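For reference, the chains in residue letters:
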Amino acid sequence: MKTVGMLAAVLLAASGAQAAPAGGAADAQAIEIAKKLISLRTVRGAGNQTPAAAAYLKQQMVAAGFAAGDITVEPVDDTALFMARWRGSDAKAPALVISGHMDVVEAKPADWQRDPFTPVIENGYLFGRGATDMKLDMALVVATLIDMKRAGYTPRRDIVLAFSGDEETVMKTSSILAERLKGAEMALNVDGGGGLLGEDGRPQYFTVGAAEKTYADFQLEVTNAGGHSSAPRRDNAINQLAAALARIGGYRFTPQLSPITKGYFEGIAARQTPELGKAMRAFAVNPADKAAIETLAASPAYVGQIGTTCVTTTISGGHALNALPQRATANINCRIFPGVKPAAVMAELQRVAADPAVKFSDVTEGSNPTDASPLRPDVMTAVKKAIGAVRPGVPMFPSMSAGASDSMWFRSVGIPSYGISPLFLKESDEFAHGLNERTPIDNVPLGVRYYRSVLTDLSK
Ligand SMILES: [Zn+2]
C-alpha cells in the first residue's frame with residue numbers, strides 16, 4: 001500500500017497541467033459517498049434500501065449544483081433506477097453514458113468478520129459489501145463529476161449517469177435504462193475492466209472490458225412410455241439421455257478469435273508459464289493451431305476465452321426404483337462466444353446429440369445475446385492516457401468477460417459499452433459477491449484523477 005500511496009502523492013503534486021482543484025476534496029467526498037452507500041442495505045427483497053441510495057445520490061448532486069429536474073429517481077418493484085443528466089454545450093451530440101449498479105449481493109452478517117453494512121477503513125482497506133462490486137466505483141464517479149462541475153467544466157456532450165437497481169438479480173432496471181438511452185454515443189461501465197495488483201502490491205496490468213459471453217441454458221428431455229422394470233425395452237429414457245450427454249461432453253466447438261481476445265492473449269501471455277504463454281501467442285496468430293488449442297482447452301481459466309463452451313449442469317430422471325423411466329431431463333449451460341446466436345449453438349448440440357428422441361428447448365432466462373463492442377480508438381486512447389498517468393508503465397489490453405453485466409443491455413440496443421473501472425486489486429483480495437469484501441483505499445486518489453481524465457476526454 002505504501003508504495004502506491006507515495007506514488008499517488010508524487011503524481012498529485014505533479015499534476016499542475018490539469019486545471020482541476022486539488023484532489024483532496026473529491027477524494028474525501030468519494031470516501032464519504034462510498035461509506036454511505038455501503039451502509040445502505042441495497043439487497044433485493046424486503047427492506048431493500050436501493051431507493052434510499054438513489055435518493056442520497058440525487059441529494060449529493062443537487063447540493064453540488066446539478067439541476068434537480070435532470071435527475072430521476074424512479075421506483076421499480078422493490079428497487080429503483082437512478083439517472084442523472086449533465087447537459088452538455090452541444091445538444092446534438094449523442095450522450096456519454098456512465099453505467100453502474102446500486103444493488104449488491106446479499107451478505108450474511110454472521111459469516112463476516114465485520115458487519116457487511118458497516119463501512120470500515122482499516123489497514124489500508126475499505127471493508128463492506130459493495131466495496132469492490134461496486135459502490136466505491138460509483139462514489140468515485142459521482143465525486144469526480146461534482147469536482148469537475150465545481151472546477152467550472154462544461155462537457156460538450158451530455159454525460160448521463162445510469163445506475164441500475166437490480167443488476168445482480170433480474171436486471172429489469174438495467175433494461176429500462178438501456179432502452180431509454182438508445183442512440184447514446186457509448187456507455188462506460190464502471191463495473192467492469194480493472195487492474196491486477198501482484199501480491200507484493202505492484203500493479204501488473206489493466207484491462208478494458210469490451211465483450212461478454214452470452215449465457216444460455218438448454219434443456220434436454222427424453223420421454224418413454226415407461227413400464228415394469230422386469231420387462232425392459234430397447235428404449236430407455238435415461239440411457240438415451242446419457243448417451244447424448246456423453247457425445248456432447250466429448251464435443252468441442254470450433255475455437256474462435258476476436259480482436260479483443262487476440263489483444264488479451266498477446267497482453268497476458270508474458271505472465272504465464274512458458275507453455276501457456278507460447279500457446280497464447282500461437283493462438284493469437286492462428287486460432288486453428290492444434291497444439292495451442294489443446295493447451296488452452298486444458299486450462300479452466302482460459303478455455304472459455306477460445307470459444308463457446310457448453311457443460312451439463314443438472315440431470316434428473318426416473319420416478320421409482322422398480323419402474324422404467326418415463327422421463328429424463330438435463331440442463332446444458334453454455335457460455336457463447338460474442339456474435340454467435342444461441343439458436344445456432346442449440347442446433348449444433350442437437351446435431352452432436354444425434355438422437356431425435358432427445359428434445360431440446362432453450363430455457364434461458366434474463367440473458368440477451370450481444371456482439372462485442374468495437375475497440376474504438378477514442379476510448380482506448382483516453383483510457384490508456386489516464387491509466388498511464390496514474391499507474392505509469394502498466395500494460396493495458398482488452399478483455400472479454402465470462403459473466404454478464406449491464407453492458408449486455410447497452411450493447412443489445414446498439415450502444416457500445418466498455419468496462420473501465422480503475423480499481424486495482426490483488427487476486428487474494430478478490431471477494432466480490434463473497435465474504436469480507438474489501439478494496440485498497442489508495443485506489444481513491446488515483447481513481448478520481450483517472451475518471452477526471454477519461455470523462456473529460458470522452459465528453460469534450
Ligand atoms: Zn457488479
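Since we're looking at a predicted model, the values are computed, not measured. (Residues numbered from 1 in each chain as written. Predicted model: local features only at pLDDT ≥ 70, side-chain atom pairs only at ≥ 80, totals over all residues. Heavy atoms only, no water.)

## Digging into the coordination of the zinc ion
Applicable threshold: Donor selection uses N, O and S atoms within 2.8 Å of the metal (3.2 Å for Na, K and Ca). Since no water is included, sites may look incomplete. The numbering of helices and of strands both runs from the N terminus, where a helix is a DSSP run of H or I of at least 4 residues and a strand a run of E of at least 2. Note on classification: 1.4 Å probe, protein chains only; a residue is buried when its accessible area is under 20% of the maximum for its type, exposed when over 50%, partly exposed between these limits.
The protein atoms that coordinate the zinc ion are His 101 (NE2), Asp 133 (OD), Asp 191 (OD) and Asp 191 (OD), at distances of 1.9 to 2.7 Å. Between consecutive donors of the zinc ion, the numbers of intervening residues give the motif H-x31-D-x57-D. Linking Asp 133 in the loop between strand S5 (125-127) and helix H4 (135-150) with Asp 191 in the loop between strand S7 (186-189) and strand S8 (194-197), this pair joins segments that are 58 residues apart in sequence. In this structure Asp 191 comes out as partly exposed when scored by relative accessible area, which is 23%.

## Quick notes on the state of the cysteines
Operational definition: Any pair of cysteine sulfurs within 2.5 Å is marked as a disulfide.
In the structure shown here, the tally under the stated rule is one disulfide. In this model, Cys 310 is linked to Cys 334 through a disulfide, with the two sulfur atoms separated by 2.2 Å. Linking Cys 310 and Cys 334, the disulfide has an S-S dihedral of approximately 115° and is accordingly described as right-handed. On the criterion of sequence distance, the pair formed by Cys 310 in strand S12 (residues 309-317) and Cys 334 in strand S14 (residues 327-336) is long-range, its members being 24 residues apart. By the burial criterion, Cys 310 is buried, and Cys 334 matches it.

## Focus: the sheet that holds strand S10 (residues 214-223)
For clarity, the cut-off: Should DSSP find at least two bridges between two strands, the strands are taken to pair. A fitted line through C-alpha atoms serves as each axis, taken over the contacting stretch for helices, and the angle formed by two N-to-C directions is quoted from 0 to 180°. Contacts were defined at the residue level, with two residues in contact if any of their heavy atoms lie within 4.5 Å.
Here four strands make up an open sheet; going across it, the order is S12-S14-S10-S15 and the pairing antiparallel. Of all strands in the sheet, those bounded by a partner on one side alone are S12 and strand S15 (359-362). Sheet twist, expressed as the mean angle between neighbouring strand axes with direction ignored, is 25°. As paired elements, S10 and S15 share four bridges and run antiparallel to each other. Its bridge partner lying in S15, Glu 221 is registered against Lys 359. The strands touched by helix H10 (residues 342-353) are S10, S12, S14 and S15; relative to S15, the strand with the most contacts, the crossing angle is about 165°.

## Overview of the domain arrangement of the chain
This is how it is decided: Start and end points for every domain follow an automatic or database-based domain assignment.
Along its sequence, the chain is organised into domain 1 (2-192 + 405-459) and domain 2 (214-362). Computed from C-alpha coordinates alone, the two centres of domain 1 and domain 2 are separated by 37 Å.

## A short note on the packing of aromatic side chains
Heads up, the condition is: Between 30 and 60 degrees the pair is tilted, below 30 it is stacked and above 60 it is edge-to-face, where a pair is any two Phe, Tyr or Trp rings, Trp via its six-membered ring, whose centres lie within 6.5 Å. By definition, being over a ring means that NZ of Lys or CZ of Arg is both within 6 Å of the ring centre and within 35 degrees of the ring normal.
Tallying each qualifying case throughout the model produces 12 aromatic pairs. Where Phe 82 meets Phe 163, the ring centres are 5.6 Å apart and the plane angle is 20°; that geometry is what we call stacked. Of this pair, Phe 82 sits in strand S2 (residues 79-86) while Phe 163 sits in strand S6 (residues 159-164), placing them 81 residues apart in sequence. A relative accessible area of 0% places Phe 82 in the buried class. Note on Phe 163: relative accessible area 0%, which makes it buried. Among the aromatic residues, ring-to-ring pairing joins Tyr 205, Tyr 264, Phe 265, Phe 283 and Phe 397 into one connected group. A cation over a ring is seen here: Arg 114 above Phe 127, with NZ or CZ 3.8 Å from the ring centre. The ring of Phe 66 carries the charged tip of Lys 149 above its face, separated from the ring centre by 5.0 Å.

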